[in-house]
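# Secondary and tertiary structure notes
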Amino acid sequence: MTKVALVTGGTRGIGAAISRALAEAGHRVAASYAGNDEAAAKFQAETGIPVFKWDVGDYDACAAGIAKVEADIGPIDILVNNAGITRDGFFHKMTKESWSDVIRTNLDSLFNMTRPVIEGMRARSFGRIIVISSINGQKGQMGQVNYSAAKAGDIGFVKALAQENANKNITVNAITPGYIGTDMVSAMPEAALQRVIAGIPVGRLGKPEEIAAMVVFLASEQGAFATGATFAVNGGQYMA
Ligand SMILES: NC(=O)c1ccc[n+]([C@@H]2O[C@H](COP(=O)([O-])OP(=O)(O)OC[C@H]3O[C@@H](n4cnc5c(N)ncnc54)[C@H](OP(=O)(O)O)[C@@H]3O)[C@@H](O)[C@H]2O)c1
């Protein structure tokens, strides 16, 4: 079953592993990114997966970007809302800008990216929408009030949208990764990172490929009965 897949933030980190795994599963994949042209060009050269640049926090840019992807590759069957950022800091020192940047990139993006594709999915009676939320949207994390709020919002989005679209053979699911070895986690102070690893029963960071494998399952025909669910892939760090 070859389908057309779009992975936001699909050129680096977890998203890059998802893009590669979906391509290996036989899908036609497009990967979007925000601004790191060098990483995107390297990813495209290595994988042959076409890349597209726009800001997932901007609705008009998403609508235009999706129209270009659909013109180039075809109607989107599988949407992976993966792009995300952190702007960490205690709430009592948090700026409005840090709050808003995180909410627009991690939560508003779900509206911006999903609204332009949902009508087509409903008309074609097939769709797979997968949202990369976070363990910290489930358990909360000090220093991440903005991020925890956005990622918890992602889970509510998934549960409601799944109910609206189950009768159209469209599934909507969230994955909540624990700490995965990407640039986002490398940005943490080393001491804080070691404390996190000490709290992971599996005893290590996760690998991007371990999230990608779950995406491939959820995107497949065999994933049709899983919808509105939140799949934790966190090394046992948090059991909701
Ligand atoms: N790493 C973890 O431990 C972890 C744990 C739980 C959840 N997550 C979630 O998993 C997802 C991927 O994380 P990651 O660690 O792979 O991140 P990453 O390595 O920092 O990569 C982020 C990707 O998202 C893109 N992006 C960021 N802001 C964007 C915007 N406004 N518009 C379009 N694209 C944008 C980036 O594009 P550029 O390359 O152009 O910057 C990049 O491709 C995020 O939603 C994150 O919150 C990560």
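In case you missed it, the structure is sitting above this.
Residues numbered from 1 in each chain as written. Predicted model: local features only at pLDDT ≥ 70, side-chain atom pairs only at ≥ 80, totals over all residues. Heavy atoms only, no water.

## A closer look at the site of the ligand
Neighbouring the ligand are 29 residues; Arg 12, Gly 35, Asn 82, Tyr 147 and Thr 182 lie closest to it. One of the side-chain N or O atoms of Lys 151 is found 2.9 Å from an oxygen atom in the ligand. Burial of the ligand by the protein amounts to 93% of the accessible area it has alone, namely 900 Å². At the level of secondary structure, the elements contributing two or more residues to the shell around the ligand comprise helix 1 (13–24), helix 6 (145–165) and helix 7 (183–186). Considered class by class, the residues forming the shell around the ligand number 14 nonpolar, twelve polar and three charged. (Near = heavy atom within 4 Å. Polar contact = N/O pair within 3.5 Å; in protein donor to acceptor, adjacent residues only side chain to side chain. Areas by Shrake-Rupley, 256 points an atom, 1.4 Å probe, with all protein chains shown as cover. Helix = DSSP H or I, 4+ residues; strand = E, 2+ residues; numbered from the N terminus. Nonpolar A, V, L, I, M, F, W, Y, C, P; charged D, E, K, R; others polar.)

## Topic: the nonpolar core
By size, the foremost hydrophobic cluster in this structure holds 28 residues, and its most contacted members are Ile 18, Leu 22, Val 80, Ile 132, Ile 175 and Val 215. When residues of this core are traced back to their parent elements, those giving at least two are strand 1 (4–7), helix 1, strand 2 (28–33), helix 2 (37–47), strand 4 (78–81), strand 5 (127–132) and helix 9 (208–219). A total of six residues in this core trace back to one element, the largest contributor, which is helix 1. Formed by 27 residues, the second largest nonpolar core is a distinct cluster that contains Val 4, Val 131, Val 158 and Ala 174. (Core = buried A, V, L, I, M, F, W, Y, C linked by side-chain atoms within 4.5 Å. Buried < 20%, exposed > 50% of the residue type's maximum accessible area, 1.4 Å probe, protein only.)

## Concerning the sheet that holds strand 4
The sheet built from seven strands is open, its strands ordered 3-2-1-4-5-6-7 with parallel pairing. Among the strands making up the open sheet, the edge pair consists of strand 3 (51–53) and strand 7 (230–233). On average, each strand axis in the sheet is inclined to that of its neighbour by 20°, with strand direction left out of account. Sheet topology note: the strand 1/strand 2 ladder contains four bridges and is parallel. Looking at strand 2, one finds that Val 7 is bridged to Ala 31. Packing against the sheet, helix 1 makes contact with strand 1, strand 2, strand 4 and strand 5, and its axis sits at approximately 170° to strand 1. (Pairing = 2+ DSSP bridges. Axes fitted to C-alpha atoms, helices over the stretch in contact; angles between N-to-C directions. Contact = heavy atoms within 4.5 Å.)

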